[in-house]
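If you want the building blocks of each chain, they are given just below.
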Amino acid sequence: MQPPFFRKELYWWKTKVKALFACIARSEPNSGLHYATAPLKIVRAQKQYMTDNMGVQYLDCVSSIAHVGHCHPQVVTAGKNQMGTLVSAQGFINDSLTKYVKQLISHLPDILSVCYLVNSGSEANDLALRLARSYTNRMDVVVFDEAYHGNLGNLIDISPKMFKRMAQGKREFVHIVPYPDTYRGPYREDDHRAAEKYVMEAERIISQATRNNRKISCFISECMIVNCGIILPPRNYFRLLYNLIREAGGVCIADEVQTGLGRTGEYFWAFEQHGIVPDIVTIGKPLGNGHPMAAVITTREIADALGEYYSTFGGNPVACAIGMAVLDVIENEKLVQSAKAVGKALLENLQLLKAKHSCIGDVRGMGLCIGIEIVEDKCSRKPATELTQAIVYRLKEDHHILVQAQGPNRNVIAVTPPMCFTQLNARSLFNSLDAVLSDCGQQGAGSTGVAGSVGVRQPRSVLSMEDLDNLEEEDVEGPEAKRPRASYDDID
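Residues numbered from 1 in each chain as written. Predicted model: local features only at pLDDT ≥ 70, side-chain atom pairs only at ≥ 80, totals over all residues. Heavy atoms only, no water.

J.: Explanation requested: the pattern of salt bridges in the structure shown.
T.: Two side chains bearing opposite charge may form a pair once their charged atoms approach each other closely. Taken as a whole and assessed by the stated rule, the structure comprises 21 salt bridges. Note that Asp 157 is salt-bridged to Arg 171, the shortest N-O span being 3.3 Å. With Asp 157 in helix α5 (residues 153-157) and Arg 171 in the loop between α6 (160-163) and β6 (174-177), this pair connects stretches of sequence that are 14 residues apart. The exposure class assigned to Asp 157 is buried, which follows from its relative accessible area of 11%. Under the relative-accessibility criterion, Arg 171 is labelled partly exposed at 33%. (Salt bridge = Lys/Arg side-chain N within 4 Å of Asp/Glu carboxyl O. Helix = DSSP H or I, 4+ residues; strand = E, 2+ residues; numbered from the N terminus. Buried < 20%, exposed > 50% of the residue type's maximum accessible area, 1.4 Å probe, protein only.)

J.: Help me out: how do you make sense of the packing of helix α2 (residues 73-83) against helix α10 (residues 317-332) in this one?
T.: Two packed helices can be described by the angle between their axes and the distance between those axes. For the pair α2 and α10, interaxial distance at closest approach is 8 Å and the crossing angle is 160°. Here α10 runs roughly antiparallel to α2, going by the angle between their axes. Handedness of the α2/α10 crossing: right-handed. From α2, Gln 74, Val 75, Ala 78, Gly 79, Gln 82 and Met 83 reach across to α10, where they touch Pro 317, Val 318, Ala 321, Ile 322, Ala 325, Val 326, Asp 328 and Val 329. (Axes fitted to C-alpha atoms, helices over the stretch in contact; angles between N-to-C directions. Parallel < 35°, antiparallel > 145°, perpendicular 65-115°, else oblique. Left-handed = near helix turned anticlockwise from the far one by under 90°. Contact = heavy atoms within 4.5 Å.)

J.: When you look at the nonpolar core in this model, what are you seeing that I'm missing?
T.: Nonpolar side chains in soluble globular proteins tend to be buried together. The biggest cluster of nonpolar side chains holds 102 residues, and the ones touching the most others in it are Tyr 100, Leu 104, Phe 144, Ile 372, Ile 374 and Ile 391. The element best represented in this core is α10, accounting for 10 residues. When residues no more than four places from it in sequence are discounted, the contact partners of Ile 372 are Leu 350, Ile 360, Asp 362, Val 363, Asn 411, Val 412, Ile 413, Val 415 and Leu 433. Listed in part, the 26 residues of the second largest apolar core include Tyr 116, Val 118, Ala 124 and Ile 302. (Core = buried A, V, L, I, M, F, W, Y, C linked by side-chain atoms within 4.5 Å.)

Now the structure itself:
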């Protein structure tokens with residue numbers, strides 16, 4: 001009979017290894033996991049906290065889809081009540097649909113007056129492409145390099161992040177322009193004409209397409225470019241670029257899937273920060289706080305060019321009830337104002353960390369959409385991909401904080417938590433990141449890979465799966481179950 005401490009350690013490893021093996025066996029071949037070398041099995045979540053199957057609670061700085069907080073009681077109740085009353089597809093009169101659409105478009109410029117409700121961000125962007133192409137009677141699309149707009153076939157075609165890694169390559173109707181990265185790009189933060197120069201690059205590419213008898217249908221982009229590493233474009237960039245696209249006969253699509261509903265703090269939509277009005281806006285994940293719903297909002301003129309459109313479950317009564325609850329929570333709990341205040345304080349403190357630690361090259365973002373770029377040194381700005389991964393793992397293992405790496409080089413730590421993220425949470429993230437980076441500075445870059453470079457526990461030799469399965473259950477005791485929480489008050 002092994003001693004108690006050994007049995008608990010063994011239980012931990014058996015659970016982790018079995019979960020990993022099971023996940024690999026069941027998952028699609030190319031599906032991704034957060035923390036792939038030590039995946040988490042999350043069993044419950046509330047507000048800005050997630051709990052794994054070992055009872056460990058984590059501060060969630062990743063799940064932007066849980067926009068108003070995991071399992072928000074008001075949202076859960078709205079969905080449960082409606083599900084117990086009526087679940088139906090489109091084709092029937094539905095008061096909640098009309099009410100929800102009016103509530104949603106009230107947050108948009110008046111010209112954006114037609115709303116389509118669908119089931120995912122990918123479906124929304126696919127419909128936006130159809131609208132643009134129907135209206136312009138053109139095919140070609142302008143996108144940012146490394147952009148990602150969804151996993152449907154049409155969207156893979158216009159997502160360089162995806163098609164660059166696939167055999168198909170770039171389609172002839174896709175035109176890639178450089179994203180306006182003033183930290184790593186050719187025109188940087190000390191160049192007062194950076195916006196104009198990046199737009200001139202786009203103009204050169206569009207002019208070349210025109211000379212090749214290609215006609216631009218649309219330009220689609222995020223207005224804070226999250227997938228490229230949370231890039232905040234220079235002042236006037238989007239205003240100039242939108243003018244260029246419209247002069248070329250195209251329309252402008254704002255992909256607000258990751259930045260809409262007040263995440264940037266200053267405004268309800270990221271495009272408002274730039275003083276522009278898109279022709280089409282798409283929004284997905286945050287609308288339903290995790291429930292599958294999305295929307296496309298456009299002008300009457302563009303909508304009329306499409307003709308009839310039907311989505312079986314888009315705008316169903318359950319989705320509308322949940323959507324209205326999410327909008328109510330954003331307003332009643334003043335989450336946009338909170339994102340602005342918390343984000344401002346966090347950015348200011350992260351700038352202090354940037355001054356203190358040589359591996360932080362840049363800190364950027366707005367509200368609760370923040371990027372921390374990790375570099376080998378501030379002079380060369382060389383991406384420190386391996387170090388970034390180590391920091392991400394160390395925050396999880398030692399401080400129970402979940403973040404993720406973004407950007408083409410996977411060296412930007414992205415902070416995109418639920419909107420209920422507090423000043424106390426921001427302070428916890430700041431202190432934990434400071435501790436990890438300080439430890440990194442003391443140890444120096446090691447030669448033992450990601451784990452060794454900042455002192456993350458190296459995986460110990462473990463028994464085989466066959467050995468684990470042969471263990472007697474009484475010899476592998478798990479931890480005592482934690483008391484279930486009755487309300488949010490129990491968390492804080």
